[in-house]
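# Residue-level structural notes
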Amino acid sequence: MTEIKRLFDFPYYQLEHKPSDSALVTKYNGKWTPMSTQEYVDKSNAISRALLRLGVKKDDKIAVISTSNRTEWNIMDIGVLQLGAQNIPIYPTISAEDYEYVLNHSESIYCFVSDEEVLKKVRKVQSRTKVKEVYSFDHIDGCKHYSELFELGKDESNQPEVEACKDVVDSNDLATIIYTSGTTGKPKGVMLSHWNITSNALDSIPRLPLIEGETRILSFLPICHIFERVLIYIYQHAGTSIYYAEAIDKIGDNAKEIHPNLMSVVPRLLEKVYDKIYAKGSELSGIKYKLFHWAIALGEQWKPYKENGAWYEFKLKIARKLIFSKWQEALGGELHTMVSGSAPLQPRLTRLFCAAGMQVMEGYGLTETSPVVAVGMYSDAHFRVGTVGKPIRNVQVKIADDGEILIKGPNVMLGYYKDPIKTAEVMSGDFFHSGDKGEIDADGFLKITGRKKEMFKTSGGKYVIPTLLENELKQSRFIEQIMVIGEGEKMPAAIIQPNFEFIQDWIKKKHKNIGTSPEEIAMSQEVIDRIQKEIDRCNTHFGKWEQIKRFELTKDAWSIEGGHLSPTMKMKRDIIKGIYQDLYDNIYR
């Protein structure tokens, strides 16, 4: 094989050039279970043979819904794609009603689920869809196990038919429809071709510090999202070992077991990791307490490429040995790089983790761009704190007159499924309108400054960019989530979810006479006054018309399950406003 043109070419490339005994590793019944490249390819072909015998044809849609990342997902992915059919990944956490919408809109005819919880939601709506049969990865009573397809595909007599199917799949053919989580309304089905994603993976490879055949990856971000999915193809190309974390709350335990070298993250995860580290450090006393806070202060000043000079680097060496090495140990001890995406990362956190010896490379992209547009890279001076690096090769970025980021390249989607009107709304010729605002500096680094649609105008005619205020305030350990409001109102304000865990510790340490339940915290005048200090500090960085004049605290935590957040942890602004309409009215009415 000389060239990779379609997504199912990746495992064959690995088999030919960099075969591995542990290409994909999942934990079953408490034991890490590796699958070799050869077995991966063999099982994928068995699935293809079975699907053909079930009558699956080119352009049929097969839905896959998995609560966690696991080897079975990849086998199904390749087994479906090499028939010219499409893999329809669905977020496991969305409602049964949303399952119904996606299954019907995509016209999926088979559905593969990971576990009983997902199965229950599918069964609830299956009769109202075109789904003929559901198969599960776990063994569940009353549901066919996906291993039945290995039995059905055991007979290799129709493998030539599989090969014929592969041969007619063109690189520009549709590979997958990814339904965006949608912060408003029904999700849109983003159509991505084999070449959209394949080109993006190949063009992103130079940005990742992968030691071919040796790097251990810990994967936990949802593989149904294009960010993690394209990384999985990149890892396969490099012949690395991909370990699938059991769950997001098991990342620390899994990291200590497998000692990963690289993983992808979202800012919210790094915020939580840092909060836990800081909470533990604050419990220290005496010289240990002083050393911990000295190291934090030093880390906050970190600059790449030893820009701070020899004396700073000498002190950093001591801080790494005494303090930051413990951070490393908490994540397995061998983690050298984290790729961050999905939302803006606080520059302070970038500096701290880089100071600790774990480089954080922030990237930028969208589902519609397959997804990578730009990403940092420490080598070749491609890294600058506060930016998302430079655009990858073959991807062109320009800034429109109104500041919107426009993107052109082989990674730009085919369009929205069954929605030419919405497709036309976001395309100007070959350029995709991202809806994000940004700047490109003199050295070619891209900086994201906010969302075009999220910018609003107060009744006084002044523009406010809420994300700038939100990113500033999320650096406060007292604030877990914040949404700045005020469109058409006389002033900006905020609805805030307090960091209940941190505030509970703060109450105990300071011996405050305050109740520690979320309701008591949200109602406490002392907590409100303390958060007001954070607001006052933030306001000094903004013009008078932008400053937050009032705020209200919520009594509950914002979550995906509660409908506040999308599966990629983005705020659903309209829904949050609706949930807390009473707080909104308290502020403005």
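First, a word on scope: everything that follows refers to the structure included in this document. What you are looking at is a predicted structure, and each value in this text was computed from that prediction instead of being measured. As a convention, each chain's residues are numbered from 1 in the sequence order in which they are written. Local features in a predicted model are, by the rule used here, given only for residues with pLDDT of at least 70; side-chain atom pairs are given and counted only at 80 or more, and totals for whole chains, interfaces and linings are based on all residues. The side-chain quantities take in all heavy atoms of the structure and omit both hydrogens and water.

Turning next to empty space enclosed by the protein. A probe as big as a water molecule, rolled over the atoms, marks out the empty space that is left. Lining residues are defined by having an atom within 4 Å of a point belonging to a cavity or pocket. Those points lie on a 1 Å grid over the protein atoms alone, cavities being sets where a 1.4 Å probe fits but cannot get out and pockets being open sets with protein on both sides within 12 Å along at least five of seven lines. Grid points are joined across faces, edges and corners, and a volume is the space filled by probe spheres set on the points. Per the stated rule, a full pass over the model turns up one cavity of 30 Å³ or more. Taken as a whole, the largest cavity encloses approximately 110 Å³ of empty space. Around the largest cavity, the lining comprises 14 residues; the ones closest to its centre are Glu271, Asp275, Gln346, Lys474 and Ser476. Helix numbers and strand numbers start at the N terminus; a helix is a DSSP run of H or I with at least 4 residues, a strand a run of E with at least 2. When contributions to the lining of the largest cavity are tallied by element, the ones reaching two or more residues are helix 11 (267–282), helix 14 (347–355) and strand 25 (479–485). At four residues, helix 11 tops the list of elements feeding residues into the lining of the largest cavity.

With that settled, consider the sheet that holds strand 25. In space, the three strands of this open sheet follow the order 25-26-27, with mixed pairing throughout. For this open sheet the edge positions go to strand 25 and strand 27 (550–553), each flanked by a neighbour on one side alone. Taking the axes of each pair of neighbouring strands and ignoring which way they run, one obtains an average angle of 25 degrees across the sheet. Whether two strands pair depends on DSSP finding at least two bridges between them. As judged from the six bridges shared by strand 25 and strand 26 (residues 493–498), these two strands associate in the antiparallel manner. By the bridge assignment for strand 26, Ile482 is matched with Ile496. It only takes one pair of heavy atoms within 4.5 Å for two residues to be counted as in contact. All axes here are fitted lines through C-alpha atoms, helices being fitted over the stretch that makes contact, and every angle between N-to-C directions spans 0 to 180 degrees. Together, strand 25, strand 26 and strand 27 form the strand contacts of helix 19 (residues 525–539), whose direction differs from that of strand 27 by roughly 135 degrees. The sheet contacts of helix 21 (residues 581–588) involve strand 25, strand 26 and strand 27, and relative to strand 27 the element is tilted by about 155 degrees.

Side-chain rings of Phe, Tyr and Trp (the six-membered ring for Trp) are treated as a pair once their centres are within 6.5 Å; stacked means planes under 30 degrees apart, edge-to-face means over 60, and tilted covers the remaining angles. Enumeration according to the criterion identifies 19 aromatic pairs in this entry. Here the aromatic rings of Phe324 and Trp327 are separated by 5.0 Å at their centres, their planes lie at 85 degrees, and the arrangement is edge-to-face. Of the two residues, Phe324 and Trp327 are both situated in helix 13 (residues 310–330); the distance of three residues between them amounts to about one turn of the helix. Ring pairs connect the aromatic residues Tyr274, Tyr278, Phe292, Phe324, Trp327 and Phe353, which therefore count as one cluster. Placement of a charge over a ring requires the Lys NZ or Arg CZ to be within 6 Å of the ring centre, with the centre-to-atom vector within 35 degrees of the ring normal. Lying across the ring of Phe445, Lys390 places its NZ or CZ 5.0 Å from the centre. Above the plane of the ring of Trp545 lies Lys462, whose end atom (NZ or CZ) is 5.4 Å from the centre.

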